[in-house]
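Observations on the three-dimensional arrangement
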Amino acid sequence: MTQERTTARVMRAYKALRVTGRVASLMRSQGLKAAAGAVNPALLAVDAALAVLDAGQAYFRFSAERERTRQLEGRLKVARARCAAQAAAEAGKIAASRKRLEQAAKIGQAMTELFRLLKEAAEVLEIQMSPLQRQAEGDPALVSLVRRYEVFMRRYLAVVDQMSFRPDTSEEV
């Protein structure tokens, strides 16, 4: 592809030189002989050719810079697309994190309520079980009930320790 571009550039430069030659011959034929007598036509043609070559070089530099600009714009477009994709991914992660935090807060509230209810149940059981513990020595049904109460309390305290959660002991009214 670059060889085709180079060939096209050379052809344009050749055409520009032909046009310059035609302009020089037109100047001679149209009565600019007085100016041509004062200035050597060969010098004028060489000057025009040099001007065309200079313009051609400027055009080639412009084309090269335009190609670099096109490549840089392509890279910029890719970088912007990558950044947009990363931003979308990060936004998704943030949304998922927020959702998990909300769920964790709800679970925390539910656990707090559960421990409050368990604490109340333990207090009620303790109140009801204290007179029965004294009478439990002879009655097998009462002994079984007292053992269940003790198992319940051990499990309750184990769960509290396991969750590293100590229920609030202050009375809120």
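Residue numbers restart at each chain and count upward from 1, following the sequence in its written direction. With the structure being a predicted model, the display of local features is reserved for residues of pLDDT at least 70 and the display and counting of side-chain atom pairs for 80 or more, all residues being used for whole-chain, interface and lining totals. With hydrogens and water set aside, each side-chain value is computed from the structure's full complement of heavy atoms.

On to the overall build of the chain, then. Within the chain, the regular secondary structure consists of four helices and zero strands. Exposed residues in this analysis have more than 50% of their type's maximum accessible area, buried residues have under 20%, and partly exposed residues fall in between, with area computed by a 1.4 Å probe over protein chains only. Counting only residues that meet the buried cut, the chain has 10% of its 173 residues in that class. Residue contacts are defined here by distance: any two heavy atoms, one from each residue, within 4.5 Å place the two residues in contact. Counting contacts in the chain only where the partners sit at least 6 residues apart, residues at least 24 apart contribute 60% of the total. To measure how exposed things are, a 1.4 Å probe is used in the Shrake-Rupley method; for residues, cover is taken only from the protein chains shown. Counting every atom, the chain has about 14200 Å² of accessible surface; 61% of that belongs to carbon and sulfur. In this text, helices come from DSSP runs of H or I with a minimum length of four residues, and strands from runs of E with a minimum of two, each type numbered from the N-terminal end.

Given 3.6 residues per turn, any residue in an α-helix points the same way as the ones three and four places further on. Multiply 1.5 Å by the residue count of a helix minus one, and that product is the helix's expected span. Taking 1.5 Å of rise per residue, the 23 residues of helix H4 (residues 140-162) would be expected to cover 33 Å, and the 33 Å separating its terminal C-alpha atoms lies within 8% of that figure. Those residues of H4 not exposed but buried are Leu142, Val146, Tyr149, Met153, Tyr156 and Val160.

Turning next to the packing of aromatic side chains. Between the rings of Phe, Tyr and Trp (Trp by its six-membered ring), a pair exists once the centres lie within 6.5 Å; its type follows the angle of the planes, with under 30 degrees stacked, over 60 edge-to-face, and the other angles tilted. One pass over the structure, following the stated rule, counts two aromatic pairs. For the pair tyrosine 59 and phenylalanine 60, a centre-to-centre distance of 6.2 Å together with 55 degrees between the ring planes defines the contact as tilted. Geometrically, the ring pair formed by tyrosine 59 and phenylalanine 62 is tilted, given 6.4 Å between the ring centres and 40 degrees between the ring planes. One end of the pair, tyrosine 59, and the other, phenylalanine 62, are both in helix H3 (residues 41-135), three residues apart, so they sit about a helical turn from each other. Exposure remark for tyrosine 59: the relative accessible area of 33% places this residue in the partly exposed category. The exposure class assigned to phenylalanine 62 is partly exposed, which follows from its relative accessible area of 46%. Taken together, Tyr59, Phe60 and Phe62 form an aromatic cluster joined through their ring pairs.

Moving on to the nonpolar core. Generally speaking, nonpolar side chains in soluble globular proteins are found buried as a group. Within the largest apolar cluster, eight residues are counted, these being Phe115, Ala122, Met129, Val146, Tyr149, Met153, Tyr156 and Val160. Going through the elements one at a time, H3 and H4 are the ones with two or more residues in this core. Considering each element in turn, this core owes the most residues, five residues, to H4. In this text, buried Ala, Val, Leu, Ile, Met, Phe, Trp, Tyr and Cys residues form a nonpolar core when linked through side-chain atoms within 4.5 Å.

Residues enter patches when they are more than 30% accessible in relative terms and free of salt bridges; like-charged ones are connected within 9 Å and nonpolar ones (Val, Leu, Ile, Met, Phe, Trp, Tyr) within 5 Å. Whenever a carboxyl oxygen of Asp or Glu lies within 4 Å of a side-chain nitrogen of Lys or Arg, that contact is scored as a salt bridge. A cluster of nonpolar side chains, namely Val46, Leu50 and Leu53, defines an oily patch on the protein surface of about 270 Å² accessible area. Relative to the elements of secondary structure, leucine 53 occurs in helix H3.

A separate point is the environment of phenylalanine 60. Along the chain, phenylalanine 60 turns up in helix H3. Along the primary structure phenylalanine 60 and arginine 9 are separated by 51 residues, whereas in three dimensions their C-alpha atoms are 7.7 Å apart.

This paragraph deals with the confidence of the model for the chain. pLDDT: the predictor's confidence for each residue, scored from 0 to 100. In the predicted model, the chain carries a mean pLDDT of 77, and the fraction of residues at 70 or more is 78%. Taken element by element, the predicted model of the chain shows its lowest mean pLDDT in helix H2 (residues 33-38) (53) and its highest in H3 (85).

Let us now look at the pattern of salt bridges. By the definition in use, this model includes five salt bridges. Residue glutamate 67 is joined to arginine 70 by a salt bridge in which the shortest nitrogen-to-oxygen separation is 2.5 Å. Here the residue glutamate 67 and the residue arginine 70 both occupy positions in helix H3, the gap between them amounting to three residues, near one helical turn. Judged by relative accessible area, which is 48%, arginine 70 ranks as partly exposed. Of the charged contacts in the structure, one is a salt bridge between arginine 116 and glutamate 120, with a shortest N-O distance of 2.4 Å. Here arginine 116 pairs with glutamate 120, and both are found in helix H3, just four residues apart, close to one helical turn. According to the relative accessible area criterion, glutamate 120 is partly exposed, its value standing at 37%.

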